[in-house]
Amino acid sequence: MGKIRKRFEDQVIAVANAIANFPKDRNLLVASHIDADGITSAGIISTVLSDLHVPFHLTFFKQILTGDVKSVVSKGYDSVLLMDFGTSHIEFLDRIAEEGLEVYIIDHHQPTLEYEPGRLLILNPYFHGLDGSREISTSGLAYLIAKKMGGYEHLLPIAIAGAIGDRQHEGGFHGLNRKLLKYAVDSGLVRVINEVNLFGGPKHPLLFALERTVDPYIPGITSDQSACFEFLTNIGIEPMKQGAWVTLRDLDEQKKRILVSELVKRIASESGKASAAKKLIGEIYYWNFEDDSSPIKDLRDFSTILNACGRMGYGGFGVALCMGYRGWYLAQALKVYQEYRQNISSAIKNILSNFKERVYVHNGLAFISGEDIIQDTMIGTITSILLGLKEFEQVEIAIGFSKVNDNYLKVSGRAKANTGLNLGKVMSEISVNLEGEGGGHRLAAGCTIPVKYKDKFIKELSARLSP
Ligand code: C5P
């Protein structure tokens with residue numbers, strides 16, 4: 001084991017020991033992020049803490065702002081555990097830790113400053129030469145901690161779903177993620193197959209699979225059942241045969257090829273076809289211990305449903321699923337997912353049908369004005385989807401705007417893989433100069449800025465990207 005890897009391992013052990021020996025008379029607040037990575041991390045740590053009979057409160061945050069961090073530390077708890085955020089506030093949190101609050105951070109976001117913490121305990125791959133945006137997510141870190149305590153291998157599919165939520169599977173898992181996936185496959189927890197990536201997997205009725213597929217988003221299909229029916233019959237696929245719903249598995253190779261090529265046409269223009277096809281066919285990760293008919297059998301669907309729960313304000317349903325609860329919790333999560341799909345679909349339709357008014361494209365950059373129609377918790381997801389559509393073929397970086405309140409805007413940035421730009425760093429630097437704050441990863445980042453600085457933000461970002 002290399003020196004770096006050894007230091008990383010030591011830090012995993014240090015956090016695992018702290019949790020394993022957590023005194024039961026201290027009160028603990030666990031605060032996590034509302035996306036799939038944050039929810040899975042919370043699910044894994046909640047399972048461990050419950051088994052240890054450690055009482056704790058769990059809360060979720062949608063942004064990762066100084067105000068949120070201050071609110072976490074001012075609630076009067078003895079100890080706080082921040083998951084999937086905290087790194088960008090490490091200096092402030094370390095000061096608070098010096099004053100007596102016990103602070104733990106498990107996070108994979110890139111640090112914005114070089115700072116060696118004195119008092120708080122942090123596990124972040126970036127501090128050990130590992131790439132937190134590709135090699136491991138917070139859920140993977142949470143799993144490594146649980147694993148050190150022994151007996152938590154069954155939580156591995158949940159960790160993988162968290163990494164998928166942060167898109168670390170795209171182009172194939174790397175580094176520690178790859179090792180975790182290999183272990184999950186070797187131990188029979190997960191099966192990997194190459195298949196058409198529609199909701200519910202190959203045994204799900206095709207009509208509903210199309211309607212429910214959000215990732216990839218299929219314009220004119222996602223969330224519109226009658227359009228799905230028409231689409232299938234137009235391409236010669238009967239949605240129902242002899243009283244039974246037709247599934248992907250029922251299609252012969254030729255029909256499958258037609259289906260994929262027609263879907264690709266919907267998603268991408270001629271030149272974007274290769275990447276659309278890549279999104280539609282790829283590695284699918286099956287959770288072996290879920291029933292074949294379960295809507296969360298495919299870990300990509302599980303991740304999307306968790307993300308929907310978080311974004312729509314129901315992170316608790318997601319945590320319940322991660323902790324093994326099904327029945328009512330799963331039914332509720334699916335209801336939330338349905339509403340989430342409808343929200344996405346109507347926002348995308350609105351943007352595309354008012355493209356000129358809502359989207360400003362210049363030099364490969366697109367600025368999307370969603371202030372009055374898209375919630376601040378949804379702008380990131382919608383910006384990601386838009387960047388993949390044929391209307392955004394010439395766009396390398398998409399920046400979405402939504403409203404936090406009358407004074408602040410939430411900005412979400414998404415970049416295609418080849419720009420060479422570190423969006424997280426750029427958004428952090430620009431927003432700080434505009435009385436805002438932000439951060440994130442190289443290809444996905446966010447910030448909050450005062451409404452009055454929107455034009456300045458656009459100008460500064462454009463200037464950074466000009467050749
Ligand atoms: O909110 P959004 O989905 O656009 O965020 C993209 C990435 O940027 C996430 O990893 C999020 O944690 C990060 N981010 C951040 N600081 C913010 C907003 C987002 O670090 N103020």
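Predicted model, so just to flag it, every value in this text is computed and none were measured. (Residues numbered from 1 in each chain as written. Predicted model: local features only at pLDDT ≥ 70, side-chain atom pairs only at ≥ 80, totals over all residues. Heavy atoms only, no water.)

## Remarks on the site of the ligand
The condition that has to hold: Proximity is defined per residue: if any heavy atom of the residue lies within 4 Å of a molecule or strand, that residue is considered near it. Pairs of N or O atoms are called polar contacts if they sit within 3.5 Å, as long as, within protein, a hydrogen donor faces a hydrogen acceptor (for residues adjacent in sequence, only side-chain-to-side-chain pairs). With residues, only the protein chains shown are counted as cover, and all accessible areas are computed by Shrake-Rupley using a 1.4 Å probe. Helix numbering and strand numbering both begin at the N terminus, where a helix is a DSSP run of H or I of at least 4 residues and a strand a DSSP run of E of at least 2. Ten residues, namely Ala, Val, Leu, Ile, Met, Phe, Trp, Tyr, Cys and Pro, are considered nonpolar, four, namely Asp, Glu, Lys and Arg, are considered charged, and the remaining ones, Gly among them, are considered polar. Marked domain ranges trace back to an automatic or database domain assignment.
The local shell around the ligand holds 16 residues, among which H109, K410, S412, R414 and G439 are the closest. For the ligand, an oxygen atom lies 2.5 Å from a polar atom in the side chain of S412. Interatomic distance of 3.2 Å between a backbone N/O atom of G440 and an oxygen atom of the ligand. When the ligand is considered free in solution it has 450 Å² of accessible area, and contact with the protein chains removes 93% of it. Taken together, the elements giving at least two residues each to the shell around the ligand come down to β13 (408–415), β14 (437–440) and β15 (444–450). A class-by-class count of the residues in the shell around the ligand yields five nonpolar, eight polar and three charged. For the shell around the ligand, the two domains that each supply at least three residues are domain 1 (2–184) and domain 3 (354–465).

## Brief notes about the domain arrangement of the chain
Spelled out, the test is: Buried area adds together the accessible area that both of two parts lose upon being put together, with accessible area traced by a 1.4 Å probe. Basic side-chain nitrogens of Lys or Arg form a salt bridge, by our definition, when they fall within 4 Å of a carboxyl oxygen of Asp or Glu.
When cut into domains, the chain gives domain 1 (2–184), domain 2 (193–287 + 290–348) and domain 3 (354–465). For domain 1 versus domain 3, the separation of C-alpha centres amounts to 27 Å. Buried surface at the junction of domain 1 and domain 3, summed over both partners, amounts to about 1,100 Å²; 44% is from carbon and sulfur atoms. A per-residue breakdown of the area domain 1 buries against domain 3 is headed by Q63, L65 and Q110, which together make up 43% of the total. In this structure, the connection of domain 1 to domain 3 is made through two salt bridges. With a closest N to O distance of 2.9 Å, K62 and D376 form a salt bridge.

## Here's the deal with the state of the cysteines
As a reminder of what qualifies: Note on terminology: pairs of cysteine sulfur atoms within 2.5 Å are recorded as disulfides.
In this structure the tally under the stated criterion is zero disulfides. Residue C309 stays outside any disulfide, its sulfur separated by 9.4 Å from that of C322, the closest cysteine.

## Regarding the packing of aromatic side chains
Counted only if it meets this: Any pair of Phe, Tyr and Trp rings, taking the six-membered ring for Trp, is counted once the centres come within 6.5 Å. Such a pair is stacked with planes under 30 degrees apart, edge-to-face with planes over 60 apart, and tilted for the rest. Exposure categories follow from relative accessible area, calculated using a 1.4 Å probe and restricted to protein chains: below 20% of the type maximum is buried, above 50% is exposed, and the middle band is partly exposed. Throughout this description, the term charge over a ring refers to an Arg CZ or Lys NZ atom that lies within 6 Å of the ring centre and within 35 degrees of the ring normal.
A complete count under the given rule lists 14 aromatic pairs for this structure. Aromatic pair F199 and Y337: ring centres 5.4 Å apart, planes at 20 degrees, arrangement stacked. On the criterion of sequence distance, the pair formed by F199 in the loop between β6 (190–196) and α8 (206–212) and Y337 in helix α14 (residues 328–353) is long-range, its members being 138 residues apart. For F199, a relative accessible area of 3% puts it in the buried group. The ring of F92 carries the charged tip of K70 above its face, separated from the ring centre by 5.7 Å. The ring centre of Y183 lies 5.7 Å from the NZ or CZ of K147, which sits over that ring.

## Some details on the packing of helix α2 (residues 36–51) against helix α6 (residues 156–165)
Quick note on the threshold: Axis definition: a line fitted to C-alpha atoms, limited for helices to the stretch in contact. Angles are taken between N-to-C directions and run from 0 to 180 degrees. Angle categories: roughly parallel below 35 degrees, roughly antiparallel above 145, roughly perpendicular from 65 to 115, and oblique for all the rest. For any pair of crossing helices, the crossing counts as left-handed if the nearer helix is rotated counterclockwise from the farther one by less than a right angle, and right-handed if it is rotated clockwise. Throughout, a contact is declared for two residues whenever any of their heavy atoms are within 4.5 Å.
One way to put it is that α2 packs onto α6 with a least axis distance of 7 Å and a crossing angle of 160 degrees. In this view, α2 runs roughly antiparallel relative to α6, as classed from their interaxial angle. Crossing angle aside, the handedness with which α2 passes α6 is left-handed. Contact residues: α2 offers A36, D37, T40 and I44, while α6 offers I158, A159, A161, G162, A163 and G165. The residue makeup of the contact of α2 with α6, split by class, is six nonpolar, three polar and one charged.

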